[in-house]
Amino acid sequence: MPYHGKSLPHLKPTHEIVLTRMLFTLGLAATTVGVPLYLVQLGMQDSSIGIFVGTISLIIAVISLLLPPIFEKFNQLRLNILSSILTGLSFILFSYSNSPTLALFFIFASNLSITINLYSLSILFKDSTRTKREFARDSGMMGSLINLSWFIGPLLGGLMLNYAGVHGLFILAGALCVLSGIFVVILPFKTAIKRREIIDDNLAENLKFYLSKPMLRVAYFQRMGITLWWGFIWTFIPIFMIRNNYSAASVGLFIGISQLPLFLFEFKTVDILSRVSYRTVFILSYLFLGFVCLIAFASPIFSISLFALFLGSFALSFLEPIIDLFFFDQVSKLEEEKTYPIYGTSSLIGSTVAKIGVGVGLVILADHVAFIIIAVLMFLIAINATKINSETINY
(Lines give C-alpha, C1' and ligand atoms only; values in the text may rest on other atoms or scores of the structure.)
Protein backbone atom coordinates (compact mmCIF):
# COMPACT_ATOMS: atom_id res chain seq x y z
CA MET A 1 0.00 0.00 0.00
CA PRO A 2 1.58 3.35 -1.06
CA TYR A 3 2.41 5.99 1.54
CA HIS A 4 2.30 9.73 1.57
CA GLY A 5 5.22 11.47 3.25
CA LYS A 6 7.41 9.99 5.95
CA SER A 7 7.47 10.17 9.72
CA LEU A 8 10.21 11.77 11.74
CA PRO A 9 12.74 9.31 13.21
CA HIS A 10 11.51 7.61 16.41
CA LEU A 11 8.04 9.19 16.04
CA LYS A 12 5.14 6.93 15.06
CA PRO A 13 2.50 8.23 12.64
CA THR A 14 -0.13 7.93 15.37
CA HIS A 15 2.01 10.09 17.68
CA GLU A 16 2.28 12.75 14.98
CA ILE A 17 -1.50 12.74 14.60
CA VAL A 18 -1.92 13.04 18.38
CA LEU A 19 0.40 16.06 18.53
CA THR A 20 -1.54 17.76 15.74
CA ARG A 21 -4.90 17.03 17.32
CA MET A 22 -3.71 18.22 20.74
CA LEU A 23 -2.88 21.64 19.28
CA PHE A 24 -6.18 21.86 17.39
CA THR A 25 -8.13 20.71 20.46
CA LEU A 26 -6.41 23.30 22.66
CA GLY A 27 -7.82 26.04 20.45
CA LEU A 28 -11.23 24.39 20.30
CA ALA A 29 -11.37 23.83 24.07
CA ALA A 30 -10.50 27.45 24.81
CA THR A 31 -13.69 28.58 23.05
CA THR A 32 -16.07 26.44 25.13
CA VAL A 33 -16.16 29.16 27.78
CA GLY A 34 -16.52 32.06 25.36
CA VAL A 35 -19.16 30.97 22.85
CA PRO A 36 -22.26 30.76 25.09
CA LEU A 37 -21.22 33.78 27.15
CA TYR A 38 -20.62 35.94 24.06
CA LEU A 39 -24.00 34.96 22.62
CA VAL A 40 -25.60 36.06 25.90
CA GLN A 41 -23.64 39.31 25.61
CA LEU A 42 -25.12 39.81 22.13
CA GLY A 43 -28.60 39.61 23.67
CA MET A 44 -29.64 35.97 23.11
CA GLN A 45 -31.68 34.16 25.75
CA ASP A 46 -30.44 30.92 27.37
CA SER A 47 -33.11 28.78 25.70
CA SER A 48 -32.64 30.34 22.26
CA ILE A 49 -28.89 29.70 22.42
CA GLY A 50 -29.51 25.99 22.89
CA ILE A 51 -32.16 25.84 20.18
CA PHE A 52 -30.23 27.82 17.53
CA VAL A 53 -26.84 26.23 18.18
CA GLY A 54 -28.51 22.82 18.28
CA THR A 55 -30.19 23.51 14.93
CA ILE A 56 -26.78 24.35 13.46
CA SER A 57 -25.47 20.99 14.67
CA LEU A 58 -28.45 19.27 13.06
CA ILE A 59 -27.80 20.98 9.71
CA ILE A 60 -24.14 19.96 9.82
CA ALA A 61 -25.18 16.39 10.64
CA VAL A 62 -27.22 16.34 7.41
CA ILE A 63 -24.31 17.83 5.44
CA SER A 64 -21.99 15.21 6.94
CA LEU A 65 -23.97 12.49 5.17
CA LEU A 66 -22.62 13.92 1.90
CA LEU A 67 -18.98 13.69 3.00
CA PRO A 68 -18.09 10.03 2.13
CA PRO A 69 -17.21 10.73 -1.54
CA ILE A 70 -15.16 13.77 -0.49
CA PHE A 71 -13.09 11.67 1.93
CA GLU A 72 -12.64 8.99 -0.73
CA LYS A 73 -11.69 11.36 -3.57
CA PHE A 74 -9.42 13.85 -1.80
CA ASN A 75 -6.25 13.54 0.24
CA GLN A 76 -7.30 13.63 3.87
CA LEU A 77 -4.16 15.44 4.98
CA ARG A 78 -5.03 18.34 2.69
CA LEU A 79 -8.59 18.32 3.96
CA ASN A 80 -7.19 18.50 7.48
CA ILE A 81 -4.92 21.46 6.69
CA LEU A 82 -7.71 23.39 4.95
CA SER A 83 -10.24 22.72 7.72
CA SER A 84 -7.73 23.80 10.40
CA ILE A 85 -7.24 27.17 8.68
CA LEU A 86 -10.97 27.70 8.10
CA THR A 87 -11.76 26.84 11.73
CA GLY A 88 -9.21 29.37 12.96
CA LEU A 89 -10.52 32.14 10.70
CA SER A 90 -14.11 31.41 11.73
CA PHE A 91 -13.21 31.71 15.42
CA ILE A 92 -11.53 35.07 14.87
CA LEU A 93 -14.39 36.48 12.78
CA PHE A 94 -16.94 35.20 15.33
CA SER A 95 -15.45 37.49 17.98
CA TYR A 96 -16.02 40.51 15.71
CA SER A 97 -19.67 39.67 15.05
CA ASN A 98 -21.95 42.47 16.16
CA SER A 99 -25.22 40.58 15.78
CA PRO A 100 -26.51 37.14 16.80
CA THR A 101 -27.18 36.25 13.15
CA LEU A 102 -23.58 36.87 12.08
CA ALA A 103 -22.25 35.10 15.16
CA LEU A 104 -24.40 32.03 14.43
CA PHE A 105 -23.13 32.00 10.84
CA PHE A 106 -19.53 31.78 12.03
CA ILE A 107 -20.51 29.07 14.54
CA PHE A 108 -21.90 27.13 11.57
CA ALA A 109 -18.71 27.67 9.53
CA SER A 110 -16.43 26.67 12.40
CA ASN A 111 -18.47 23.58 13.31
CA LEU A 112 -18.46 22.34 9.72
CA SER A 113 -14.68 22.81 9.50
CA ILE A 114 -14.20 21.09 12.87
CA THR A 115 -16.28 18.13 11.67
CA ILE A 116 -14.14 17.65 8.55
CA ASN A 117 -10.96 18.07 10.60
CA LEU A 118 -11.86 15.47 13.21
CA TYR A 119 -13.27 12.96 10.71
CA SER A 120 -10.11 13.08 8.60
CA LEU A 121 -7.79 12.67 11.58
CA SER A 122 -9.84 9.82 13.04
CA ILE A 123 -9.62 7.77 9.83
CA LEU A 124 -5.92 8.59 9.41
CA PHE A 125 -5.32 7.50 13.00
CA LYS A 126 -7.06 4.15 12.50
CA ASP A 127 -5.22 3.49 9.24
CA SER A 128 -1.88 4.26 10.89
CA THR A 129 -2.23 1.33 13.30
CA ARG A 130 -1.46 -2.26 12.32
CA THR A 131 -3.33 -4.25 14.96
CA LYS A 132 -6.42 -3.94 17.11
CA ARG A 133 -4.27 -3.88 20.25
CA GLU A 134 -2.10 -1.09 18.88
CA PHE A 135 -5.19 0.90 17.97
CA ALA A 136 -6.68 0.42 21.45
CA ARG A 137 -3.41 1.31 23.21
CA ASP A 138 -2.73 4.37 21.06
CA SER A 139 -6.38 5.45 21.34
CA GLY A 140 -6.03 5.46 25.13
CA MET A 141 -2.83 7.47 24.84
CA MET A 142 -4.46 9.90 22.42
CA GLY A 143 -7.53 10.24 24.63
CA SER A 144 -5.44 11.10 27.68
CA LEU A 145 -3.31 13.67 25.86
CA ILE A 146 -6.25 15.28 24.05
CA ASN A 147 -8.03 15.56 27.37
CA LEU A 148 -4.97 17.41 28.65
CA SER A 149 -5.82 19.99 25.98
CA TRP A 150 -9.44 19.92 27.15
CA PHE A 151 -8.16 20.52 30.69
CA ILE A 152 -5.83 23.42 29.79
CA GLY A 153 -8.04 24.98 27.09
CA PRO A 154 -11.03 26.07 29.21
CA LEU A 155 -8.69 27.36 31.93
CA LEU A 156 -6.86 29.37 29.30
CA GLY A 157 -10.17 30.52 27.83
CA GLY A 158 -11.48 31.73 31.20
CA LEU A 159 -8.28 33.65 31.90
CA MET A 160 -8.27 35.19 28.43
CA LEU A 161 -11.88 36.32 28.87
CA ASN A 162 -10.97 38.01 32.14
CA TYR A 163 -7.80 39.72 30.96
CA ALA A 164 -8.05 40.05 27.16
CA GLY A 165 -11.79 39.93 26.48
CA VAL A 166 -13.67 38.06 23.77
CA HIS A 167 -11.41 39.26 20.93
CA GLY A 168 -8.24 38.14 22.68
CA LEU A 169 -9.73 34.72 23.48
CA PHE A 170 -10.88 33.93 19.95
CA ILE A 171 -7.79 35.32 18.24
CA LEU A 172 -5.70 32.98 20.41
CA ALA A 173 -8.02 30.03 19.74
CA GLY A 174 -8.01 30.75 16.00
CA ALA A 175 -4.23 31.01 15.92
CA LEU A 176 -3.86 27.62 17.64
CA CYS A 177 -6.14 25.96 15.07
CA VAL A 178 -4.25 27.52 12.16
CA LEU A 179 -0.95 26.44 13.74
CA SER A 180 -2.19 22.83 13.88
CA GLY A 181 -2.65 22.96 10.11
CA ILE A 182 0.83 24.45 9.66
CA PHE A 183 2.13 21.69 11.92
CA VAL A 184 0.81 19.10 9.45
CA VAL A 185 2.75 20.81 6.66
CA ILE A 186 5.98 21.06 8.66
CA LEU A 187 5.81 17.53 10.06
CA PRO A 188 5.28 15.08 7.15
CA PHE A 189 3.00 12.19 7.94
CA LYS A 190 3.54 8.60 6.83
CA THR A 191 -0.01 7.63 5.94
CA ALA A 192 -1.43 4.89 3.78
CA ILE A 193 -3.25 5.87 0.60
CA LYS A 194 -6.15 3.55 -0.20
CA ARG A 195 -6.63 2.66 -3.85
CA ARG A 196 -10.28 2.14 -4.74
CA GLU A 197 -12.06 1.62 -8.03
CA ILE A 198 -15.51 2.63 -6.83
CA ILE A 199 -16.37 5.87 -5.04
CA ASP A 200 -19.30 5.51 -2.62
CA ASP A 201 -21.19 8.64 -3.67
CA ASN A 202 -24.73 7.23 -3.39
CA LEU A 203 -26.11 8.64 -0.15
CA ALA A 204 -29.14 6.35 -0.11
CA GLU A 205 -27.00 3.24 -0.59
CA ASN A 206 -24.52 4.36 2.08
CA LEU A 207 -27.34 4.90 4.57
CA LYS A 208 -28.97 1.58 3.62
CA PHE A 209 -25.67 -0.23 4.16
CA TYR A 210 -25.11 1.45 7.54
CA LEU A 211 -28.63 0.82 8.81
CA SER A 212 -28.47 -2.83 7.73
CA LYS A 213 -25.80 -3.47 10.37
CA PRO A 214 -27.44 -3.77 13.83
CA MET A 215 -24.20 -3.14 15.75
CA LEU A 216 -23.45 -0.03 13.67
CA ARG A 217 -26.81 1.29 14.81
CA VAL A 218 -25.86 0.55 18.42
CA ALA A 219 -22.45 2.22 17.93
CA TYR A 220 -24.29 5.32 16.69
CA PHE A 221 -26.35 5.68 19.85
CA GLN A 222 -23.45 4.88 22.17
CA ARG A 223 -21.28 7.61 20.68
CA MET A 224 -24.25 9.97 20.59
CA GLY A 225 -24.51 9.62 24.36
CA ILE A 226 -20.97 10.92 24.88
CA THR A 227 -21.50 14.10 22.87
CA LEU A 228 -24.97 14.53 24.33
CA TRP A 229 -23.31 14.73 27.76
CA TRP A 230 -20.59 17.15 26.67
CA GLY A 231 -23.04 19.24 24.62
CA PHE A 232 -25.02 19.81 27.81
CA ILE A 233 -21.94 20.54 29.94
CA TRP A 234 -20.34 22.97 27.49
CA THR A 235 -23.51 24.82 26.46
CA PHE A 236 -25.57 25.19 29.62
CA ILE A 237 -23.30 24.77 32.64
CA PRO A 238 -21.36 28.00 31.85
CA ILE A 239 -24.69 29.86 31.68
CA PHE A 240 -25.96 28.25 34.90
CA MET A 241 -22.68 29.10 36.67
CA ILE A 242 -22.76 32.77 35.63
CA ARG A 243 -26.37 32.93 36.79
CA ASN A 244 -25.22 31.56 40.17
CA ASN A 245 -22.63 34.36 40.43
CA TYR A 246 -19.53 32.42 39.35
CA SER A 247 -16.87 34.34 37.38
CA ALA A 248 -15.79 33.55 33.81
CA ALA A 249 -12.49 32.25 35.22
CA SER A 250 -14.45 29.90 37.51
CA VAL A 251 -16.41 28.61 34.53
CA GLY A 252 -13.17 27.86 32.72
CA LEU A 253 -11.79 26.19 35.84
CA PHE A 254 -14.80 23.87 36.14
CA ILE A 255 -14.85 22.93 32.45
CA GLY A 256 -11.11 22.27 32.62
CA ILE A 257 -11.23 20.23 35.81
CA SER A 258 -14.08 18.14 34.39
CA GLN A 259 -11.53 16.83 31.86
CA LEU A 260 -8.99 15.88 34.53
CA PRO A 261 -10.29 12.32 35.20
CA LEU A 262 -10.15 11.60 31.48
CA PHE A 263 -6.56 12.84 31.25
CA LEU A 264 -5.45 10.90 34.33
CA PHE A 265 -7.30 7.63 33.81
CA GLU A 266 -8.25 7.17 30.15
CA PHE A 267 -4.90 5.66 29.17
CA LYS A 268 -5.00 3.28 32.17
CA THR A 269 -8.60 2.20 31.60
CA VAL A 270 -7.59 0.64 28.26
CA ASP A 271 -5.90 -2.21 30.17
CA ILE A 272 -8.93 -2.70 32.41
CA LEU A 273 -11.29 -2.75 29.45
CA SER A 274 -9.48 -5.69 27.85
CA ARG A 275 -10.96 -7.91 30.58
CA VAL A 276 -14.62 -6.88 30.28
CA SER A 277 -17.24 -6.59 27.53
CA TYR A 278 -18.39 -3.58 25.54
CA ARG A 279 -21.87 -4.32 26.86
CA THR A 280 -20.80 -4.07 30.51
CA VAL A 281 -18.82 -0.86 30.02
CA PHE A 282 -21.56 0.93 28.09
CA ILE A 283 -24.41 -0.06 30.41
CA LEU A 284 -22.64 0.72 33.69
CA SER A 285 -21.14 3.97 32.43
CA TYR A 286 -24.43 5.40 31.16
CA LEU A 287 -26.31 4.28 34.27
CA PHE A 288 -23.69 6.09 36.36
CA LEU A 289 -24.11 9.27 34.28
CA GLY A 290 -27.87 9.08 34.70
CA PHE A 291 -27.63 8.75 38.50
CA VAL A 292 -25.10 11.61 38.62
CA CYS A 293 -27.68 13.85 36.92
CA LEU A 294 -30.33 12.80 39.42
CA ILE A 295 -28.00 13.83 42.26
CA ALA A 296 -27.38 17.18 40.54
CA PHE A 297 -31.15 17.67 40.21
CA ALA A 298 -31.90 16.75 43.83
CA SER A 299 -29.20 18.91 45.41
CA PRO A 300 -30.35 22.29 46.74
CA ILE A 301 -26.74 23.54 46.61
CA PHE A 302 -25.40 24.30 43.13
CA SER A 303 -21.77 23.57 44.03
CA ILE A 304 -22.81 20.00 44.96
CA SER A 305 -24.52 19.70 41.57
CA LEU A 306 -21.25 20.75 39.92
CA PHE A 307 -19.31 18.17 41.93
CA ALA A 308 -21.78 15.47 40.87
CA LEU A 309 -21.29 16.43 37.21
CA PHE A 310 -17.52 16.31 37.73
CA LEU A 311 -17.85 12.70 38.93
CA GLY A 312 -19.55 11.90 35.64
CA SER A 313 -16.20 12.43 33.91
CA PHE A 314 -14.94 9.17 35.46
CA ALA A 315 -17.58 7.28 33.45
CA LEU A 316 -16.44 9.09 30.31
CA SER A 317 -12.86 7.89 30.92
CA PHE A 318 -14.18 4.35 30.31
CA LEU A 319 -16.41 5.21 27.36
CA GLU A 320 -14.17 7.39 25.22
CA PRO A 321 -11.21 5.00 24.68
CA ILE A 322 -13.38 2.21 23.24
CA ILE A 323 -16.26 3.87 21.44
CA ASP A 324 -14.42 4.20 18.10
CA LEU A 325 -12.83 0.78 18.64
CA PHE A 326 -16.34 -0.69 18.85
CA PHE A 327 -17.29 1.04 15.60
CA PHE A 328 -14.18 -0.05 13.68
CA ASP A 329 -14.76 -3.63 14.87
CA GLN A 330 -17.92 -3.64 12.77
CA VAL A 331 -16.46 -2.51 9.40
CA SER A 332 -13.63 -3.43 7.03
CA LYS A 333 -10.84 -1.01 6.12
CA LEU A 334 -12.42 -0.14 2.75
CA GLU A 335 -15.80 0.52 4.41
CA GLU A 336 -14.40 3.16 6.79
CA GLU A 337 -14.80 6.25 4.55
CA LYS A 338 -18.30 5.12 3.55
CA THR A 339 -19.51 4.57 7.10
CA TYR A 340 -17.47 6.85 9.37
CA PRO A 341 -19.09 10.16 8.26
CA ILE A 342 -22.51 8.61 8.96
CA TYR A 343 -21.32 7.29 12.31
CA GLY A 344 -19.74 10.68 12.98
CA THR A 345 -23.09 12.45 12.71
CA SER A 346 -23.90 10.80 16.05
CA SER A 347 -21.69 13.43 17.70
CA LEU A 348 -23.64 16.23 16.07
CA ILE A 349 -27.00 14.63 16.79
CA GLY A 350 -26.04 14.07 20.42
CA SER A 351 -25.03 17.70 20.75
CA THR A 352 -28.24 18.76 18.99
CA VAL A 353 -30.47 16.69 21.27
CA ALA A 354 -28.78 18.16 24.35
CA LYS A 355 -28.99 21.75 23.16
CA ILE A 356 -32.50 21.73 21.69
CA GLY A 357 -33.99 19.36 24.27
CA VAL A 358 -32.65 21.29 27.23
CA GLY A 359 -33.31 24.61 25.47
CA VAL A 360 -36.99 23.78 24.98
CA GLY A 361 -37.15 22.49 28.56
CA LEU A 362 -35.80 25.79 29.86
CA VAL A 363 -38.53 27.69 28.03
CA ILE A 364 -41.19 25.71 29.90
CA LEU A 365 -39.55 24.67 33.16
CA ALA A 366 -36.89 25.72 35.68
CA ASP A 367 -33.14 25.38 35.12
CA HIS A 368 -32.60 22.34 37.33
CA VAL A 369 -35.08 20.28 35.27
CA ALA A 370 -32.32 20.15 32.63
CA PHE A 371 -30.61 17.52 34.80
CA ILE A 372 -33.70 15.29 34.65
CA ILE A 373 -33.81 15.54 30.86
CA ILE A 374 -30.18 14.44 30.54
CA ALA A 375 -30.65 11.67 33.14
CA VAL A 376 -33.54 10.15 31.18
CA LEU A 377 -31.50 10.23 27.97
CA MET A 378 -28.53 8.54 29.66
CA PHE A 379 -30.79 5.75 30.94
CA LEU A 380 -32.24 5.23 27.44
CA ILE A 381 -28.75 4.88 25.95
CA ALA A 382 -27.86 2.34 28.66
CA ILE A 383 -30.92 0.32 27.59
CA ASN A 384 -29.73 0.49 23.97
CA ALA A 385 -26.39 -1.08 25.04
CA THR A 386 -28.20 -4.25 26.16
CA LYS A 387 -28.38 -5.25 22.45
CA ILE A 388 -24.61 -5.90 22.44
CA ASN A 389 -23.42 -9.45 23.14
CA SER A 390 -21.43 -10.07 26.29
CA GLU A 391 -18.15 -11.16 24.69
CA THR A 392 -14.99 -9.75 26.25
CA ILE A 393 -13.28 -6.90 24.40
CA ASN A 394 -10.44 -8.76 22.73
CA TYR A 395 -7.32 -6.88 21.61
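Below or above, wherever it landed, is the structure these notes cover. (Residues numbered from 1 in each chain as written. Predicted model: local features only at pLDDT ≥ 70, side-chain atom pairs only at ≥ 80, totals over all residues. Heavy atoms only, no water.)

Side note on the overall build of the chain
- Looking only at helices and strands, one finds 14 helices and two strands in the chain.
- Of the contacts formed within the chain by residues at least 6 apart in sequence, a portion of 87% connects residues at least 24 apart.
- Total accessible area on the chain is roughly 16,200 Å²; 69% of this is exposed by carbon and sulfur atoms. (Helix = DSSP H or I, 4+ residues; strand = E, 2+ residues; numbered from the N terminus. Contact = heavy atoms within 4.5 Å. Areas by Shrake-Rupley, 256 points an atom, 1.4 Å probe, with all protein chains shown as cover.)

Structural notes on the packing of aromatic side chains
- The final tally for this structure, using the stated rule, is 25 aromatic pairs.
- An angle of 20 degrees between the planes, with centres 6.1 Å apart, marks the rings of Tyr 278 and Phe 282 as stacked. Of the two residues, Tyr 278 and Phe 282 both sit in helix α11 (residues 278-298), four residues apart, roughly one turn of that helix.
- Ring centres of Phe 327 and Phe 328 lie 5.0 Å apart, and the angle between their planes is 70 degrees; on these two criteria the pair is classed as edge-to-face. (Phe/Tyr/Trp six-rings, centres within 6.5 Å; stacked < 30°, edge-to-face > 60°.)

Some thoughts on unusual backbone geometry
- The backbone of Asn 245 sits at a positive phi, close to 70 degrees, despite the residue not being glycine.
- Mapped onto the secondary structure, Asn 245 falls in the loop between α8 (214-243) and α9 (248-257).

So, the environment of Leu 264
- Assignment of secondary structure puts Leu 264 in helix α10 (residues 260-273).
- Take Leu 264: its relative accessible area is 41%, and that puts it in the partly exposed class. (Buried < 20%, exposed > 50% of the residue type's maximum accessible area, 1.4 Å probe, protein only.)

What about the nonpolar core?
- If you look at the biggest cluster of nonpolar residues, it comprises 109 residues, and the most contacted ones within it are Trp 229, Phe 232 and Ile 237.
- By residue number, the principal contributor to this core is α8, which donates 15 residues.
- Each residue touching Phe 232, except ones within four places of it in the same chain, is listed here: Ile 237, Phe 240, Ala 354, Val 358, Ala 370, Phe 371 and Ile 374. (Core = buried A, V, L, I, M, F, W, Y, C linked by side-chain atoms within 4.5 Å.)

A few points about the environment of Ile 233
- Considering the arrangement of structural elements, one finds Ile 233 in helix α8.
- Taking C-alpha positions, Ile 233 is 9.9 Å from Phe 310, a pair spaced 77 residues apart along the chain.
- Apart from the residues lying within four places of it in its own chain, the contact partners of Ile 233 are Pro 238, Phe 254, Ile 255 and Leu 309.

Quick look at the packing of α8 against α9
- Running from N to C, α8 and α9 point in directions that differ by 140 degrees, and their axes come no closer than 10 Å. Overall, the two elements α8 and α9 adopt an arrangement that is oblique. The chirality of how α8 crosses α9 is right-handed. From α8, Ile 233, Trp 234, Ile 237, Pro 238, Met 241 and Ile 242 reach across to α9, where they touch Ala 248, Ser 250, Val 251, Phe 254 and Ile 255.
- Its residues placed into classes, the contact of α8 with α9 shows 10 nonpolar, one polar and no charged. (Axes fitted to C-alpha atoms, helices over the stretch in contact; angles between N-to-C directions. Parallel < 35°, antiparallel > 145°, perpendicular 65-115°, else oblique. Left-handed = near helix turned anticlockwise from the far one by under 90°. Nonpolar A, V, L, I, M, F, W, Y, C, P; charged D, E, K, R; others polar.)

Section: the side chain of Thr 32
- Within the secondary structure, Thr 32 sits in helix α1 (residues 13-41).
- Under the relative-accessibility criterion, Thr 32 is labelled buried at 9%.
- Polar side-chain contacts of Thr 32 include one of 2.8 Å to the backbone oxygen of Ala 29.
- For Thr 32, the residues in contact, after removing those within four places along its chain, are Trp 150, Pro 154, Trp 234, Pro 238 and Ile 255. (Polar contact = N/O pair within 3.5 Å; in protein donor to acceptor, adjacent residues only side chain to side chain.)

Some points on the packing of α11 against helix α12 (residues 302-328)
- Two elements in contact, α11 and α12, have axes separated by 9 Å at closest approach and are oriented at 160 degrees. Overall, the two elements α11 and α12 adopt an arrangement that is roughly antiparallel. Considering only the axes of α11 and α12, their crossing is left-handed.
- Classifying every residue of the contact of α11 with α12 by side-chain character gives 20 nonpolar, three polar and no charged.

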